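Letter by letter, the chains look like this.
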Amino acid sequence: KAKEDGRKTFSYFTAELGVAAQKRIELETRLRRAVEREEFILHYQPKLAVDGGRIIGCEALLRWLSPDLGLVQPSDFIPVAEETGLIEAIGEWVLRKACRQAVQWSRHGLPELDVAVNLSARQLWQAELPVRIAGILHETGLDPNRLELELTESVIMGQETLAAERFGQLKSLGVKLAIDDFGTGYSSLAYLKRFPIDVLKIDRSFVRDIPDDANDMAIAAAIVAMARALRLTVVAEGVETLAQLAFLAEKACYAYQGYLFSPPVPAEDFERLLAADSARKP
Ligand code: C2E
Ligand code: MG
Ligand code: MG
Ligand code: MG
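The model shown is predicted, which means the values in this text are computed figures rather than measured ones. (Residues numbered from 1 in each chain as written. Chains lettered and ligands numbered in written order. Predicted model: local features only at pLDDT ≥ 70, side-chain atom pairs only at ≥ 80, totals over all residues. Heavy atoms only, no water.)

**Concerning the site of ligand 1**
Then step 1. Inspection of the region around ligand 1 gives 23 residues, with R63, N118, D180, E240 and Y259 positioned closest.
Then step 2. At 2.8 Å from an oxygen atom of ligand 1 is found a side-chain nitrogen or oxygen belonging to N118.
Then step 3. A distance of 2.5 Å is found between a nitrogen atom of ligand 1 and a side-chain nitrogen or oxygen belonging to E240.
Then step 4. Isolated, ligand 1 exposes 800 Å² of accessible area, and the fraction of that covered by the protein chains is 82%.
Then step 5. Of all elements in the fold, only β2 (55-66) and β6 (176-182) reach the threshold of two or more residues within the shell around ligand 1.
Then step 6. The greatest single-element share of the shell around ligand 1, amounting to four residues, is contributed by β2.
Then step 7. Across the shell around ligand 1, the residue classes tally to nine nonpolar, six polar and eight charged. (Near = heavy atom within 4 Å. Polar contact = N/O pair within 3.5 Å; in protein donor to acceptor, adjacent residues only side chain to side chain. Areas by Shrake-Rupley, 256 points an atom, 1.4 Å probe, with all protein chains shown as cover. Helix = DSSP H or I, 4+ residues; strand = E, 2+ residues; numbered from the N terminus. Nonpolar A, V, L, I, M, F, W, Y, C, P; charged D, E, K, R; others polar.)

**What about the packing of aromatic side chains?**
The description of an aromatic ring pair uses the distance of the two centres, along with the angle that the planes make with each other.
Then step 1. This model, assessed by the stated rule, comprises eight aromatic pairs.
Then step 2. Each ring, one from F40 and one from W93, has its centre 6.1 Å from the other, and the planes form 50°; the classification is tilted. Linking F40 in strand β1 (residues 40-49) with W93 in helix α3 (residues 86-107), this pair joins segments that are 53 residues apart in sequence. Of the two residues, F40 and W93, neither departs from the other in class, the shared state being buried.
Then step 3. Each member of the aromatic cluster is reached from another via a ring pair, and the members are F40, W64, F77 and W93. (Phe/Tyr/Trp six-rings, centres within 6.5 Å; stacked < 30°, edge-to-face > 60°. Buried < 20%, exposed > 50% of the residue type's maximum accessible area, 1.4 Å probe, protein only.)

**Considerations on helix α10 (residues 214-229)**
Then step 1. The end-to-end C-alpha distance of α10, which contains 16 residues, comes to 22 Å, matching closely the 22 Å that a straight helix rising 1.5 Å per residue would cover.
Then step 2. Buried residues along α10 sit against β6, α8 (190-194), β7 (199-202), α9 (204-207), β8 (233-236) and α11 (242-250).
Then step 3. Between the side-chain oxygen of the N-cap and the backbone nitrogen of N215 there are 2.8 Å, and the N-cap of α10 in question is D213.
Then step 4. Once α10 ends, the next one or two residues include R231, with phi positive near 55°. (Expected span 1.5 Å × (residues − 1). Contact = heavy atoms within 4.5 Å.)

**Here we look at the environment of R32**
Then step 1. The topology assignment puts R32 in helix α1 (residues 2-37).
Then step 2. With 242 residues separating them in the primary sequence, R32 and L274 have C-alpha atoms 34 Å apart.

**Side note on the packing of α3 against helix α5 (residues 129-140)**
Then step 1. Where α3 contacts α5, the axes come no closer than 9 Å and their chain directions differ by 30°. By the angle between their axes, α3 is roughly parallel relative to α5. Handedness of the crossing formed by α3 with α5: right-handed. Each of E92, L95, R96, C99, R100 and V103 in α3 lies in contact with α5, whose residues at this interface are R132, I133, I136, L137, E139 and T140. (Axes fitted to C-alpha atoms, helices over the stretch in contact; angles between N-to-C directions. Parallel < 35°, antiparallel > 145°, perpendicular 65-115°, else oblique. Left-handed = near helix turned anticlockwise from the far one by under 90°.)

**Some points on a nonpolar patch on the surface**
Then step 1. A grouping of I41, L65 and L71 is seen on the molecular surface, where their side chains present a nonpolar patch of about 240 Å² in accessible area.
Then step 2. Within the secondary structure, L65 sits in strand β2. (Patch = residues over 30% accessible without salt bridge, like charges linked within 9 Å, V, L, I, M, F, W, Y side chains within 5 Å. Salt bridge = Lys/Arg side-chain N within 4 Å of Asp/Glu carboxyl O.)

In structure tokens, the structure reads:
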């Protein structure tokens, strides 16, 4: 009787929890294969000067072109890549690809732009990360100060000492460091002073409801003012309307990204945007 109950319990679990677990294992298997077969592509979103509207840089954003699943967005596979550790291999591919691409655009006679790459927590904690990035910079020939590494506040929280050490190592390579999704991490502002940060990116959630939400406008304006006082470059994310851009201009925010100008696009399309921009009269 006890044996029978045991079996029942077991089959209950395989039936109920089994579906999610099975899906998860399938995704993991596909992702592992994707790394071997390099099924990834980068899209690039232009970053523009608020004042004058020129393209001053870009952010590389990862997509997975799966033969089974089609085009997969980062929110649907990066969490699994982080849990499994696959993000280390994927992240290295992203860095190499983005650096190579930036050098290639320069070779095509286009302006020398900064390229920003997102790093996950797991990558930051890799002891070899600084050496690997140094290797990629050397191999691709990209000027280190054209590479910007984006990290979120949440990465730092609770690990301030180790994070400060790793930021210092990265900074000594000559790269720029950016805090992504700024304002969402509930962290102390004190670390801004302690960390060698170059750029603050105002989270899209504070931009979205401008000019209807007075609180969001106050927060966005405060972040711009603080960034300027600390001599940091400040970039607004997710700018979709002219009213938002006008508000940012009034507050003297330095740069913006968003669908108003362009979503992230394939490299060829970005190259066309860049060519059109550089042909524009100053
Ligand atoms: P993120 O770094 O904050 O990137 C900004 C996200 O906002 C991108 O989503 C971009 O497509 C989207 N976005 C840009 N402008 C607008 C706008 O005007 N309106 C709206 N609604 N959205 C806008 P995406 O490409 O889906 O990336 C999501 C997140 O995935 C990124 O957020 C980043 O955290 C992560 N991610 C992307 N690529 C990589 C990567 O290579 N490595 C790692 N570790 N994470 C990555
Ligand atoms: Mg980012
Ligand atoms: Mg962001
Ligand atoms: Mg984000």
